[in-house]
Each structure stands twice: as C-alpha cells, then as structure tokens.
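If you want the building blocks of each chain, they are given just below.
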Amino acid sequence: MNILFIGLPLFAEKLKNDLNKFSPQHSFSFCNTYYSKWHSLKFLAALPYADLIISINGAYSQSRALDFAIKMKKKILMHWQGTDALLATEAYKKNILYRKYIDSSIHYTDAPWIQSELKNIGINCSRLEYKWVETIPTTHTFHKISAHTYIPQGKESIYGLDNVVQLAEKHFDIDFFVAGTKGKNIVQRKNIHFLGWISEDEMNRLRLTHPIHLRILQHDGYSLSVMKALACGNEVIWTMPHKQCTFISSTTEIETAFNYCVNILKNRGLAANTENILFAKEHLSKEKILTTFLKTVENLVKK
C-alpha cells in the first residue's frame, strides 16, 4: 500500500513518520505542496504510484495538487481541521464554496463539532482520529494550585490572553504560566509568567507541575494540547465540548469554571485527575489511534 500525504506540514509529516514506523510493510510519504516547488514536483512524480491521497486539511479553494489527483482518478481522503471548517463555512455563507474537491473526496475529521459544522454546509464527515499522546502513571500529586496555557506569539487575541490576564487579576495568589508568547506590550503582573517558546519536554513539565490547563479560543479543532493535558491529569477548561473537560460556551463563564476546577483540586488534595489519565490511556494511545487510522486507510484502498 502506497499512501501520499499532502496538507498541513506540522500534522501531515508527523503522521507520515508515525505510520512508517508503525506499519513498515506499507509506504507513507509526504509532499509539502503548499510551500515548496520541489515538493510539488515530487508529488507529481509520486502520484501515479499512490493508492490513496490523504489531505490533512479540507480543500475549499483551488488546489493544483488535487487537480492532478482527480485527473488521474486517485482516491482522496480529506481530513478537516478546525480552521478549514471555519473558513469553508464562511465561503458557504458567501456562496463561494469551491466544491470540486469536496465532491471528489471521502471526508473525515476528529472533532464532533467540526463534523456538525460541515454537515450544515453539505459535507458529510465521518470521525477519524490521528493524534495520539504518551501517557503517564496514574498516581501523582501537584504541589500547589496553578494554571498554564499555550498562546502563540502574535496570536494573543485569538488564544484568549485577555481572559488569562483577567483571571490572574482576580486570583492574585495563583500563578499563571504562559508558553509561546513573550507577553510584549502586555501589562505585567507578578503572577503571570510569560515563557516564550519552550521545548516539548519543558511543555510537558508545565503540565506535570501546574494542574489547570486553559484553552480559550472562539473556534478550535481537536486540540493536541488538550489531549496532552488530559494525559497528565490536568483539569482542563476548554471552549469546545468534551466530556473530560470543563466546558465554557462563552468567556463570561471562565471565572465560574476556574473556581470549579480550583475547588475540585482542593477537595482531591491536589491529586491528579486519574479519570483524565485513564481516558487518555484508553482512547488516545498510539496503538489505538494508529491501528484505527491504518484500518480505515486499508479499507478505502481496497474499495
């Protein structure tokens, strides 16, 4: 089986590497057709031999790579991410949604809310997860109540930095650790610690040290940072509905949600959330996620 990935490099290349190690009897390759002319040429050279094209993003506007795939009558699996669904919905409302690739593809996503959003614009999606997390022992206790989040530099408003600052103002006795942004041009507070870019190992230490994870976006995909926080036994406050998280439907609910998580931690003696850890072990393990993904791909190739 020869599978050719295109789409978002961060996710597509990692998934390609994971699958090559997990199932070495098959061939998985990735071409960065968005940002590399050389990779676009590699894609054209590899296309005739591909059993399936997997796009790790939804295509709602013109794509030369997919034009060639359709011309050569290749099967296409389109896996929709959070931003894709949002932009496709906006295009649909403006009556400019480009359906050529949509109508020629099999559609998947990993988030139920994206599945619903796409259904509303005439795209029927099935669920298929591809992100997995390492899990940890179920027994550990945090030393104090504190919170952490990831907010990319330059995207502070999208990722809810203002809401984090407001929480810190009300909870001056609790430390808030912000990875990603350096916090320039932000009013500095003693209990907000801007860390800038940090490594994944350092990010993991944040999760194991600070028990509340904040993920405050107006729209989101199935966030890997949330999955990793669950695996570390964090209490997670998220603007997307998930049975293991404290859901907030609007930013006006953040204070109530935060107080709820603080009280839960105090009542548990600051012990990690073992239900979240067990959920990650059962549903988000590498073995489970990649086995299911591989079986789905094999079935599509056989059809």
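To start, this report covers the structure provided alongside it. (Residues numbered from 1 in each chain as written. Predicted model: local features only at pLDDT ≥ 70, side-chain atom pairs only at ≥ 80, totals over all residues. Heavy atoms only, no water.)

### Details of the sheet that holds strand β12 (residues 246-247)
Our working rule: At least two bridges found by DSSP between two strands is the condition for calling them paired. The way it works is that DSSP assigns letters per residue, a run of H or I at least four long becomes a helix, a run of E at least two long becomes a strand, and they are numbered from the N terminus.
Spatially, 6 strands are ordered β9-β8-β7-β10-β11-β12 in an open sheet, and the strand pairing comes out parallel. Two strands in the sheet have a free side with no partner beyond their single neighbour: β9 (192-196) and β12. Taken together, the 3 bridges between strand β7 (residues 146-151) and strand β10 (residues 212-215) define a ladder with parallel strand orientation. Bridging from a neighbouring strand, His148 pairs with His213 of β10.

### As for the packing of aromatic side chains
Here is the rule: Centres within 6.5 Å are what make two rings of Phe, Tyr or Trp a pair, Trp counting through its six-membered ring; a difference in plane orientation under 30 degrees is then read as stacked, over 60 as edge-to-face, and the rest as tilted. Three exposure classes are used, based on accessible area relative to the maximum for each residue type with a 1.4 Å probe and protein chains only: buried under 20%, partly exposed in between, and exposed over 50%. To sit over a ring, a charge needs its Lys NZ or Arg CZ within 6 Å of the ring centre and within 35 degrees of the ring normal.
Tallying each qualifying case throughout the model produces 6 aromatic pairs. Arranged with centres 5.3 Å apart and planes meeting at 85°, the rings of Trp113 and Trp238 form a pair that is edge-to-face. Here the residue Trp113 occupies a position in helix α5 (residues 112-120), and Trp238 occupies one in strand β11 (residues 235-238), the gap between them amounting to 125 residues. The same class applies to Trp113 as to Trp238, namely buried. Ring plane angle 25° and centroid distance 5.5 Å describe the contact between Phe176 and Phe258, whose orientation is recorded as stacked. Taken together, the residues span a long stretch of sequence, with Phe176 in strand β8 (residues 175-180) and Phe258 in helix α9 (residues 254-267) at a distance of 82 residues. Both residues of the pair, Phe176 and Phe258, count as buried. Members of the aromatic cluster, each reached through a chain of ring pairs, are Trp113, Tyr222 and Trp238. Looking at Lys131, its charged tip hangs above the ring of Phe11, at a distance of 4.8 Å from the centre.

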